[in-house]
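# Structural overview
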Amino acid sequence: MKKTLLTTALAAALSFAGLASAAEKLVVAATPVPHAEILELIKPTLAKEGVDLQIKVFTDYVQPNVQVDQKRLDANYFQTLPYLQNFNEGKGTHLETVIGVHVEPFGGYSKKVKTLAELKEGATVAIPNEGSNSGRALLLLQKAGLITLKDPKNALATPKDIAENPKKLKFRELESAMLPRVLDQVDLDMINTNYALEAGLNPAKDALVIEGSDSPYVNFLVARPDNKNSEAMQKLAKALTSPEVKAFIAEKYKGAVLPAF
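From a predicted model like this one, the values you see are computed outputs, not experimental measurements. Per chain, residue numbering runs from 1 following the sequence as it is written. Only residues with pLDDT of at least 70 get local features here, since the model is predicted, and only at 80 or more are side-chain atom pairs given and counted; chain-wide, interface and lining totals rely on the full set of residues. Hydrogens and water are ignored here; the side-chain numbers use all heavy atoms of the structure.

### Some words on the sheet that holds strand β11 (residues 209-210)
Strands in a sheet are paired, the pairing made by backbone hydrogen bonds, and the direction either parallel or antiparallel. For two strands to be treated as a pair, DSSP must find no fewer than two bridges joining them. Only DSSP runs of H or I with at least four residues qualify as helices, and only runs of E with at least two residues qualify as strands; both kinds are numbered from the N terminus onward. Spatial ordering of the open sheet is given by β9-β6-β10-β5-β11, a layout of 5 strands whose pairing is mixed. Looking at the sheet topology across the chains shown, the edges are occupied by β9 (170-174) and β11. Where helix α5 (residues 131-143) meets the sheet, its contacts fall on β5 (107-109), β6 (124-128), β9, β10 (188-191) and β11, and the angle it forms with β6 comes to roughly 140 degrees. Residues count as neighbours in contact if any of their non-hydrogen atoms are within 4.5 Å of one another. Fitted lines through C-alpha atoms serve as axes, helices being fitted only where they are in contact, and the angles separating the N-to-C directions of these axes extend from 0 to 180 degrees.

This is the structure we're talking about:
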């Protein structure tokens, strides 16, 4: 009897160990705020479902896509669809969206003026130098009445595509991650919300101009065609769009980040 009990206990222990070791690892790239914070929130939930979520934090928008394409990472969570489409076209990659999670309303900030009307002729405006983010900034400036684009709907516009610039604004194009660092040096700084939050800015209060809740720039979980439909990836997608995440976004970011589900 003792031998039977011992054998049963040993078998159970080995079975449990086998289940623990069978947890599928998912390595996901994310920018620090809010993406990595949201992933950290759901990590325990996924662990219970047999998914070992490992988060790799990046501060740029290029390497997360490069490394997923090269199969050094499984997925990433930081970008909008226009950015992804532009990246795929420019780099020859074939990454795909898995699910949309949230919107970060893009905004313009200043330490030199309190309203856009105070911008003087020849004022310097810093904008992202990446295609879709550049276009996003310029479309917002157009909506605010500061410029007019040759094609008013050009999501990939650059300063060369400006048709009318009544205040003769001067544009300084920088990598998105660098924009918060020049806030003191320019008159208006067009910053992605994740970088604004990292810099201690409150988009809901500090932005002089900001996208509305109808912004089409949803942030997506992105993967490759060969793994986007895997069981582990779908568990991650479900966790990212759970009531738990929706409540977390509302409580922590207070309007600076909005659920897209």
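Following the structure, the description resumes.
### Overview of the packing of helix α4 (residues 81-91) against α5
One can describe the packing of α4 onto α5 by two numbers: an axis separation of 8 Å at closest approach and a directional angle of 140 degrees. The orientation of α4 relative to α5 falls into the category oblique. Within the contact between the two elements, α4 uses Pro82, Tyr83 and Asn86 and α5 uses Gly131, Ser132 and Asn133. Considered class by class, the residues forming the contact of α4 with α5 number 2 nonpolar, 4 polar and no charged. By the definition adopted for this analysis, an angle is roughly parallel if under 35 degrees, roughly antiparallel if over 145, roughly perpendicular if from 65 to 115, and oblique otherwise. By the convention adopted, Pro, Cys, Tyr, Trp, Phe, Met, Ile, Leu, Val and Ala count as nonpolar, Lys, Arg, Asp and Glu as charged, and the other residues, Gly among them, as polar.

### Details of the packing of aromatic side chains
Two aromatic rings, drawn from Phe, Tyr or Trp (for Trp, its six-membered ring), form a pair once their centres lie within 6.5 Å of each other, and the interplanar angle then sorts them: stacked below 30 degrees, edge-to-face above 60, tilted otherwise. Inspection of the entire model under this criterion finds 6 aromatic pairs. Judged by centre distance (5.8 Å) and plane angle (70 degrees), the rings of tyrosine 61 and tyrosine 83 are edge-to-face. With tyrosine 61 in the loop between β2 (51-57) and α3 (63-69) and tyrosine 83 in helix α4, the pair connects residues that are 22 residues apart, well separated along the chain. Only protein chains enter the accessibility calculation, which uses a 1.4 Å probe; a residue whose area is less than 20% of its type maximum is buried, one above 50% is exposed, and one in between is partly exposed. For tyrosine 61, a relative accessible area of 6% translates into the label buried.

### Here's the deal with the sheet that holds strand β1 (residues 24-30)
The sheet built from 6 strands is open, its strands ordered β2-β1-β3-β12-β4-β13 with mixed pairing. With partners counted over all chains shown, the strands left at the sheet margins are β2 and β13 (258-259), one partner each. Sheet analysis places strand β3 (residues 75-80) next to strand β12 (residues 218-223), joined by 4 bridges and oriented antiparallel. Opposite glutamine 79, over in β12, you have phenylalanine 220 as the bridge partner.

### Considering the side chain of threonine 31
When you line up the elements, threonine 31 lands in the loop between β1 and α2 (32-48). For the purposes of these results, a polar contact is taken to be a pair of N or O atoms within 3.5 Å, where, inside protein, one atom must be able to donate a hydrogen and its partner to accept one; residues adjacent in sequence count only when each atom of the pair is a side-chain atom. Among the polar contacts made by the side chain of threonine 31, one reaches the side chain of histidine 35 at a distance of 2.8 Å. Residues within four places of threonine 31 in sequence aside, it is in contact with Ala36, Phe58, Asp60, Tyr61, Tyr77, Phe78, Asn194 and Tyr195.

### Examining the environment of threonine 97
Among the structural elements, threonine 97 can be located in strand β4 (residues 96-103). On the basis of relative accessibility, which here comes to 23%, the residue threonine 97 falls in the partly exposed class. C-alpha separation for the pair threonine 97 and arginine 181, spaced 84 residues apart in sequence, amounts to 31 Å. Other than its neighbours up to four places away in sequence, threonine 97 contacts Leu81, Leu84, Phe220, Leu221, Val222 and Lys228.

### Looking at the nonpolar core
Take the buried Ala, Val, Leu, Ile, Met, Phe, Trp, Tyr and Cys residues and link them wherever side-chain atoms come within 4.5 Å; each set so joined is a nonpolar core. Core analysis: the biggest nonpolar cluster contains 30 residues, and Leu39, Ile42, Leu221, Leu236 and Leu240 have the highest contact counts within it. For this core, the secondary structure elements donating two or more residues are β1, α2, β2, β3, β4, β12, α8 (231-240) and α9 (243-253). Aside from chain neighbours lying at most four places away, what touches leucine 240 is Ile38, Leu39, Ile42, Tyr77, Val101, Leu221, Val245 and Phe261. Core analysis: the second largest hydrophobic core is formed by 22 residues, Ile127, Leu146, Ile147 and Leu188 among them.

### Quick word on the confidence of the model for the protein chain
Of the residues in the protein chain, 91% have a pLDDT of 70 or more, and the chain-wide mean is 92. Predictor confidence is given residue by residue as pLDDT, running from a minimum of 0 to a maximum of 100. Note on residues 5-10: pLDDT is under 50 here. Beyond four places in sequence and across chains, it has 0 contacts. pLDDT under 50 marks residues 13-20. Its contacts with residues more than four places away, or in other chains, come to 0 contacts.

### Let's talk about the environment of aspartate 161
For aspartate 161, the location among the structural elements is in the loop between β7 (148-149) and β8 (162-164). Sequence-wise, aspartate 161 and leucine 141 are 20 residues apart; in three dimensions their C-alpha atoms are separated by 13 Å. Aspartate 161 has contacts with Leu149, Lys150, Asn154 and Leu156, leaving out every residue within four places of it along the chain.

### Thoughts on the pattern of salt bridges
Any Lys or Arg side-chain nitrogen found within 4 Å of a carboxyl oxygen on Asp or Glu counts as a salt bridge. All chains considered together, the criterion is met by 6 salt bridges. Arginine 224 is the partner of aspartate 226 in a salt bridge, and the nearest nitrogen-oxygen pair spans 2.8 Å. On the basis of relative accessibility, which here comes to 8%, the residue arginine 224 falls in the buried class. Residue lysine 254 is joined to glutamate 251 by a salt bridge in which the shortest nitrogen-to-oxygen separation is 3.7 Å. Each member of the pair, lysine 254 as well as glutamate 251, is classed as exposed.

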